[in-house]
Amino acid sequence: MAAAALSRLPGLLGEGSAAVWRQALSSPHSVVVFVSLRFDYTGCGASEGKFRKSTIGQWKKDVFAVLDELTEGPQVIVGSSMGGWLMLLAAVARPDRIAAVVGISTGADYLVNAFKQLPLEVQKEIETKGEWYIPNSHKDAGFHKIPYTFIKDAENYCVLHSTIPISCPVRLIHGLKDEHIPWQISLKVAEIVISKDVDIILRKNGEHRMSDKDDIKLIVNLIDDVIDKLTTLA
């Protein structure tokens, strides 16, 4: 197997720890072991389109397009928050291309399950208004306006209801103080993937963005360890 490259899938509207990415690229491994790729989904960041017209299905197509057209060889996918959900979808659909996955505050199925836990009258109100306001993970940054169509489309891509057919190495890290994505989601992912090579780390003081210096260092070390293992096997 050729040395693996590194691809990052950010969270909702491009959320994710940019500090992790910068530090990963400054790692000694980044020069000799892997090439990195980071992109914005349709309707987010520098990409074309409007977020109000975005869907998980479209973002899944974005991920596949990037993997198929802009990368070569095995990839280590690093997914943050909602990007962790897309990371799992990619690993299921492209097992021959995904060498390992590293999930940071993985948000698999989160929006769908959180919506279903709302009172029925609130769900109906959101359906009528066409938008759901949820807190932004950036402190004091207001709310995300999630289109109702986004939530309904996301129901088609839930992965936590049955065994996840991912057999590559899986590394998950989640903060116990994450106020946006329950850390139990990462536990569930670890439980139901078929891979036997699964490690999960729960950070007692870790928050959603995992931007503390020690959290970043740990994440970078996780990525480096995975790259080392894959390179040894190459």
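A brief structural summary. Quick caveat, the model's predicted, so the values are computed rather than measured.

What counts, and at which threshold
- Residues numbered from 1 in each chain as written.
- Predicted model: local features only at pLDDT ≥ 70, side-chain atom pairs only at ≥ 80, totals over all residues.
- Heavy atoms only, no water.
- Helix = DSSP H or I, 4+ residues; strand = E, 2+ residues; numbered from the N terminus.
- Buried < 20%, exposed > 50% of the residue type's maximum accessible area, 1.4 Å probe, protein only.
- Contact = heavy atoms within 4.5 Å.
- Polar contact = N/O pair within 3.5 Å; in protein donor to acceptor, adjacent residues only side chain to side chain.
- Salt bridge = Lys/Arg side-chain N within 4 Å of Asp/Glu carboxyl O.

On to the environment of Asp 68, then. Among the structural elements, Asp 68 can be located in helix H3 (residues 56-70). You can call Asp 68 partly exposed: its relative accessible area is 42%. Other than its neighbours up to four places away in sequence, Asp 68 contacts Arg 94 and Arg 97. Engagement of the side chain of Asp 68 in a polar contact is seen with the side chain of Arg 94, the distance being 2.8 Å.

What follows concerns the pattern of salt bridges. Tallied over the full model, the rule gives 7 salt bridges. Close ionic contact of Glu 155 with Lys 152 constitutes a salt bridge, the shortest N to O distance being 3.2 Å. On the basis of relative accessible area, Lys 152 is assigned to the partly exposed category, the value being 35%. One salt bridge connects Arg 203 with Asp 215, and the closest N-O pair in it is separated by 2.7 Å. Note that Arg 203 is positioned in strand S8 (residues 198-203) and Asp 215 in helix H9 (residues 213-233), a separation of 12 residues in sequence. Overall, the relative accessible area of 26% leaves Arg 203 in the partly exposed class. Counted as one network, the salt bridges with shared partners bring together Arg 171, Asp 197, Asp 199 and Lys 229.

Turning next to unusual backbone geometry. For Ser 81, which is not a glycine, the phi torsion comes out positive at approximately 60 degrees. On the secondary structure map, Ser 81 appears in the loop between strand S3 (75-80) and helix H4 (82-93). Owing to a relative accessible area of 6%, Ser 81 belongs among the buried residues under this scheme. Look at Ser 105: it is not a glycine, yet its phi comes out positive at around 50 degrees. As for its position among the elements, Ser 105 is in the loop between strand S4 (98-104) and helix H5 (110-116).

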